[in-house]
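Chains, contacts and geometry: an overview
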Amino acid sequence: MDVVAQDLPERSPDARRWLFADQLGPHFLDAPEQPVLLVESKEVFRRGRFHRRKAHLILSALRHRAAELGDQAVFVKTGTYRQGLAECGEPVSVCDPTSYVARRFVRRLPDVQVLASRGFVVSERQFAQWAQRRDGRRLLMEDFYRDVRRYHRLLMDGDRPVGGTWNYDQDNRQGPPKQASLDVREPHWPTEDEIDEEVRADLDRWAKDDGFEFTGTDGPRRFAVTRAEALSGLRRFLSERLEQFGVYEDAMLSQDPWMAHSLLSVPQNLGLLDPLEVARRAEEHGRRHRLRLASVEGFIRQVVGWRSYTWHLYWHLGEDYKRRNALRAQQTVPSWFADLDADAVEANCLRHVLSGVRDEGWTHHIPRLMVLGNWGLQHGYQPAELADWFWRNFVDGYDWVMTANVVGMSQHADHGVLATKPYAAGGAYIDRMSDFCGGCRYDPKVRVGENACPFTAGYWNFLAGHREDLAGNRRMTQALRGLDRLRDLDGVLHQEAERGTGAP
Ligand code: SF4
């Protein structure tokens, strides 16, 4: 069954539109008054352990959308999607869903018309044509991003990029400022209402009476679940936070997990905001208020570049891509990591980041990549299992989001399809890009002994264990030369073998 369909119809304005919980914005309807079906499937939350905050977010988003639509929607709370469709009892159309499992499922259903997917800056058909035109050349994100900007006339000055440069990454890599938090206004925090109260009570009951298991802790809902909340979040970000976004987008502060990040990946991935709308508003706001171009460009690159690129690669690379394991990583994710047991961890960086996941279901992209992913890479966590852990524990996580990001980018399990070198780093990187090390019982410069930084030791242990895998990679030459110069490598290897899978 071909689930990467490029020739599906685009519209079906007459049939009732079945909306999944990540298709909740107006652009998933063909007309504002189109009849809608929303199905809340309880059984979805039995497919692995989800973060409590994520379960809350999804249920809250669905129920808020149902309340907004009123009589325009049939809203069914039931066990399975099949039961929901049977209860509705009408033929429906649905925009192609966002996972392989869901696509196979909808194609098997009678009376369901599947339409082309929505919610990304180019269609699957356009991406396939773009990939074909590459004629065997690598599908580089940077090339894709530039073509998207040309196609949508985003940040363009005639045929040239605004400011004369496509990518201002070099200006956006500063370490953290010497203060506990950034000098920016807080993100827009939504106000919970009676729907959230009801969701909270239901989840408590599901856990207590029905045996549902969740990870993480409950707490105030931080992320937008309605279009109105999403637009408020976007406005606050553009007017108060975007200017500072770029400079510190790669930095980490222990007391300021949000820094100047937008938190808009959540409403975008719920389908509440159209990414092109987000990018155009950022461009317009940046131009009108003469914001720092590197920040505006850096943000737009995340929205129309990286986000769309990972979506399309998810389909382009095929379902087996997730099983790739070029570095033969066989370690099951240990329970302290899987259970978000941050209190078991002494390493300050990992404890902070894991507690952020436990308490919020969110950290920004650098703690994901350079702390959590880096740890998993160094310790040989199975890439597919780790990708599942990521998407179930992050409020903006979905299979399509995490497959390329974790299997390819962070675990290098595709042997370089996505990233030209593994994102492995020792304590020196974390020390440079964060304020974690100052408050840590370990020393990022020490490799062996009681104070040895587990990331530094883990880095050299990883390089030694994969010397042959990485030998042909020119971007790793310098790192492997460094490995050859280590006088205490035997001590590092012995220590890391002794460390086992316990929390550092
Ligand atoms: Fe993390 Fe090592 Fe720094 Fe501690 S010393 S915070 S373990 S990088």
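Residues numbered from 1 in each chain as written. Predicted model: local features only at pLDDT ≥ 70, side-chain atom pairs only at ≥ 80, totals over all residues. Heavy atoms only, no water.

In terms of domains, the protein chain is made up of domain 1 (16-115), domain 2 (124-187 + 222-316) and domain 3 (320-499). If you look at the interface, domain 2 gives 31 residues, while domain 3 gives 29 residues. Where domain 2 abuts domain 3, roughly 2,600 Å² becomes buried across the two surfaces, and 63% of that area is made up of carbon and sulfur atoms. Seen at the junction of domain 2 and domain 3, the total is one salt bridge. The closest approach of N and O atoms between glutamate 360 and arginine 222, which form a salt bridge, is 3.2 Å. In this structure, the connection of domain 2 to domain 3 is made through 14 residue pairs in polar contact (both at pLDDT 80 or more). Mapped by element, the contributors of at least two residues to the side of domain 2 that touches domain 3 are α8 (265-269) and α10 (293-316). Class assignment for the residues of the side of domain 2 that touches domain 3 results in 16 nonpolar, nine polar and six charged. (Domains from an automatic or database assignment. Contact = heavy atoms within 4.5 Å. Buried area = accessible area lost by both parts, 1.4 Å probe. Salt bridge = Lys/Arg side-chain N within 4 Å of Asp/Glu carboxyl O. Polar contact = N/O pair within 3.5 Å; in protein donor to acceptor, adjacent residues only side chain to side chain. Helix = DSSP H or I, 4+ residues; strand = E, 2+ residues; numbered from the N terminus. Nonpolar A, V, L, I, M, F, W, Y, C, P; charged D, E, K, R; others polar.)

Within the largest apolar cluster, 147 residues are counted, with the highest numbers of intra-cluster contacts made by Trp18, Leu350, Leu372 and Trp389. Contacts of leucine 372, omitting those with residues within four sequence positions, involve Phe337, Leu350, Val353, Leu354, Val357, Pro367, Trp389, Phe390 and Phe394. Listed in part, the 16 residues of the second largest apolar core include Leu377, Met476, Leu486 and Val492. (Core = buried A, V, L, I, M, F, W, Y, C linked by side-chain atoms within 4.5 Å. Buried < 20%, exposed > 50% of the residue type's maximum accessible area, 1.4 Å probe, protein only.)

You can see asparagine 374 is positioned in helix α13 (residues 365-378). A distance of 2.8 Å separates a polar atom in the side chain of asparagine 374 from the backbone oxygen of alanine 425. Leave out the neighbours within four places in its chain, and asparagine 374 touches Leu369, Tyr423, Ala424, Ala425 and Phe455.

A few words now on the sheet that holds strand β4 (residues 73-78). Strand pairing in a sheet takes place through backbone hydrogen bonds and is either antiparallel or parallel in direction. Ordered by their spatial adjacency, five strands build an open sheet running β4-β2-β1-β5-β6, and the pairing between neighbours is parallel. Only two strands of the sheet have a single neighbouring strand rather than two, namely β4 and β6 (112-115). Looking at each pair of strands side by side, their axes are set apart by 30° on average, direction ignored. The pairing of strand β5 (residues 92-95) with β6 spans four bridges and is parallel. Bridge pairing in β6 places serine 93 opposite glutamine 113. In this fold helix α1 (residues 52-69) packs onto β2 (36-41) and β4, with an angle of close to 150° to the strand it touches most, β2. (Pairing = 2+ DSSP bridges. Axes fitted to C-alpha atoms, helices over the stretch in contact; angles between N-to-C directions.)

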